[in-house]
Protein chains: 2
Amino acid sequence: MKIALLGSGNVATHLGRALKTAGEEIIQVWSRSMVNASALAVELAAVATDDLSGIRRDADLYIISVNDDAIESVASQMPDVAGRLVVHTSGSTGMEVLGDASHSIGVLYPLQTFSKLKDVDFSRIPIAVEGSTPQIVELLSAVAGKLSHTVVEMTSAQRRTLHVAAVFACNFTNHFFAVAADILKREGFSFEIIRPLIAETADKIQISDPQDVQTGPAVRRDNRTMEKHLEILKDQPALAEIYEKVSQSIINLHKQDRR
Amino acid sequence: MKIALLGSGNVATHLGRALKTAGEEIIQVWSRSMVNASALAVELAAVATDDLSGIRRDADLYIISVNDDAIESVASQMPDVAGRLVVHTSGSTGMEVLGDASHSIGVLYPLQTFSKLKDVDFSRIPIAVEGSTPQIVELLSAVAGKLSHTVVEMTSAQRRTLHVAAVFACNFTNHFFAVAADILKREGFSFEIIRPLIAETADKIQISDPQDVQTGPAVRRDNRTMEKHLEILKDQPALAEIYEKVSQSIINLHKQDRR
């Protein structure tokens, strides 16, 4: 299959690499920045362009992997490739931004957080697929199946809900790691001291249900400790408020569980 | 060194095992429940008791590893072992609950989350030590050094701050894993689908500073996506509020970073 890749960010880079490794042919890489397009194109043995009107019309699959709010405009500016398949890779963006139901459109959403400098094992990354026809879903499932062991068909609405879950499980937890780093730094301690705890916290839930392994003052209803913690956070009212709300949320979830 | 272990919960169990592996002699295990005391005592080749007045007076070290709010009462009810060292293992409890400065008291706080069923590599767990005299700090550092590569001297106030950081990095993140599981369940998806994302999120910060690898709609100031997410959470107002506050906190931390 001949693929044109539109984008050169983290998702485009890791997806492009995985597709090439799986034996697909990347014929072209487009990016707003020629430097970025070239760097990725060289790696994927593709041709680079920074001109949307220069996108080839003979690819079998066009993958738009750019920032969520740029997808629609990139899709509308690329040449009319009527009948050929155009997909995006976004969790929170509906398929319909690519066109109406008469178009061959779809979504290929890898549920993972990517960093430029860190390799990931694509075979373990769940991929959500959606298509405007059953044939497209089948085709995209086949492509995704070459990359990953876990391929799930999902509507745009389901994918958006999955994305909310991912924000809590990934973006918000990473922020709490940053909050912890900040608290430690104010006290003169290195973030290093808390890394083993973070590794174990994530490791635990690979084999357990998170609700079953919840620890800490909130789930124990240890009000004295929570009050001491709020006292420590009194100079950071926004953080103290988050401490209170999340503690209350822990208490509520476990109350609900017992009903 | 002869050690009496007071407690049979997760921390007492893992600490007892690690001490025994390191060659220390556990002579006695006390627990309010004789069943629990016996189970752990058998494993540690110690004698079990559920009677605080039956604690032997000839141990070199008494480790009180019970719920935070029980430490003080356990300490006050155990026999007077004047001159012998009594420590607790709590992050958020001051050393002073064990007695005044004339006593031989201290703290041995392993910074980790323990589960009954999951083994942990104690050598990678940072241990914070505190003592009422420099000699006690030295002794506890030596004991802790047999268990772990990372031993840090800390005051009770510092340890309490470290504990707040741990609540964010461990307890609150685990709750967000549970929130994600709940959101997925409502949509009919298994928690399994998000486990690789969680593993990678924690893995990333083992080599990076969390603030440098923050991703998601908040750090991108992608208001459209955040609004869509809040719409999805509209039937769960407490969760929607947490979504808003944590997103704002991400924006604030990165603003602060750019100053």
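Figured I'd write up the structure that's included with this text. (Residues numbered from 1 in each chain as written. Chains lettered and ligands numbered in written order. Predicted model: local features only at pLDDT ≥ 70, side-chain atom pairs only at ≥ 80, totals over all residues. Heavy atoms only, no water.)

1. Some words on the interface of chain B and chain A
Each partner contributes residues to the interface: chain B has 88 residues there, and chain A has 88 residues. Summed over both sides, the interface between chain B and chain A buries roughly 8700 Å², with carbon and sulfur atoms accounting for 68% of that surface. Across the chain B-chain A interface, the total number found is four salt bridges. With its nearest N and O atoms 3.3 Å apart, the salt bridge here joins K245 of chain A to E241 of chain B. (Contact = heavy atoms within 4.5 Å. Buried area = accessible area lost by both parts, 1.4 Å probe. Salt bridge = Lys/Arg side-chain N within 4 Å of Asp/Glu carboxyl O.)

2. What to know about the sheet that holds strand β3 (residues 47-49) of chain A
All names here are of chain A. Within the open sheet, the eight strands sit side by side as β3-β2-β1-β4-β5-β6-β7-β8. Their pairing is mixed. Two strands lie at the open edges of the sheet, namely β3 and β8 (151-153), each paired on one side alone. On average, each strand axis in the sheet is inclined to that of its neighbour by 25°, with strand direction left out of account. With three bridges connecting them, strand β5 (residues 85-88) and strand β6 (residues 105-110) associate as parallel partners. Bridge pairing in β6 places V86 opposite I105. (Pairing = 2+ DSSP bridges. Helix = DSSP H or I, 4+ residues; strand = E, 2+ residues; numbered from the N terminus. Axes fitted to C-alpha atoms, helices over the stretch in contact; angles between N-to-C directions.)

3. Observations regarding the nonpolar core
The biggest cluster of nonpolar side chains holds 122 residues, and the ones touching the most others in it are F168 and I194 of chain A together with F168 and I194 of chain B. In contact with I194 of chain A, other than residues within four places in its own chain, are A180 and L184 of chain A together with L111, A165, A166 and A169 of chain B. (Core = buried A, V, L, I, M, F, W, Y, C linked by side-chain atoms within 4.5 Å. Buried < 20%, exposed > 50% of the residue type's maximum accessible area, 1.4 Å probe, protein only.)

4. Details of the sheet that holds strand β5 (residues 85-88) of chain B
Residues and elements named next belong to chain B. Read across the open sheet, the eight strands follow the order β3-β2-β1-β4-β5-β6-β7-β8; overall the sheet is mixed. Strands at the two margins of the open sheet, each flanked by one partner only, are β3 (47-49) and β8 (151-153). With direction set aside, neighbouring strand axes in the sheet form an average angle of 25°. The pairing of strand β2 (residues 25-30) with β3 spans three bridges and is parallel. When the sheet's bridge partners are listed, Q28 is paired in β3 with V47. Running at roughly 165° to strand β1 (residues 2-6), helix α1 (residues 10-21) makes contact with β1, β2, β4 (61-64) and β6 (105-110) of the sheet.

5. Quick word on the relation of the copies chain B and chain A
After a rotation of 180° and a shift along the axis of 0.0 Å, chain B superposes on chain A with an RMSD of 0.1 Å. The relationship between the two copies is best expressed as a two-fold rotation axis. In terms of proximity to the rotation axis, the leading residue of chain B is T173 of chain B, whose C-alpha is 2.5 Å off the axis. Interface overlap between copies is the fraction of interface residues in one copy that are interface residues in the other; for chain B against chain A it reaches 100%, indicating a shared surface. (Least-squares fit on C-alpha atoms with pLDDT ≥ 70 in both.)

6. Let's talk about helix α7 (residues 223-232) of chain B
Within the sequence span of α7 of chain B, burial applies to T225, M226 and H229 of chain B. The buried residues of α7 of chain B occupy an angular sector of 100° when projected down its axis, which confines them to one face. (Arc of directions from axis to C-beta.)

7. Remarks on the packing of helix α6 (residues 195-204) of chain A against helix α5 (residues 156-186) of chain B
One can describe the packing of α6 of chain A onto α5 of chain B by two numbers: an axis separation of 10 Å at closest approach and a directional angle of 15°. Here α6 of chain A is positioned roughly parallel relative to α5 of chain B, judged by the angle of their axes. The hand of the α6 of chain A/α5 of chain B crossing is right-handed. Packed against α6 of chain A, whose contacting residues are L197, I198, T201 and A202 of chain A, the element α5 of chain B presents A166, A169, C170, T173, N174 and F177 of chain B at the interface. Its residues placed into classes, the contact of α6 of chain A with α5 of chain B shows seven nonpolar, three polar and no charged. (Parallel < 35°, antiparallel > 145°, perpendicular 65-115°, else oblique. Left-handed = near helix turned anticlockwise from the far one by under 90°. Nonpolar A, V, L, I, M, F, W, Y, C, P; charged D, E, K, R; others polar.)

8. Some remarks on the packing of helix α7 (residues 223-232) of chain A against α5 of chain B
Each pair of packed helices can be described by the angle between their axes along with the distance between the axes. Their axes nearest at 10 Å, the elements α7 of chain A and α5 of chain B cross at an angle of 100°. Compared by their axis directions, α7 of chain A and α5 of chain B come out roughly perpendicular. Residues T225, K228, H229 and I232 of chain A of α7 of chain A form the contact with α5 of chain B, whose own contacting residues are R160, T161, H163, V164 and V167 of chain B. Grouping the amino acids of the contact of α7 of chain A with α5 of chain B by side-chain chemistry returns three nonpolar, four polar and two charged.

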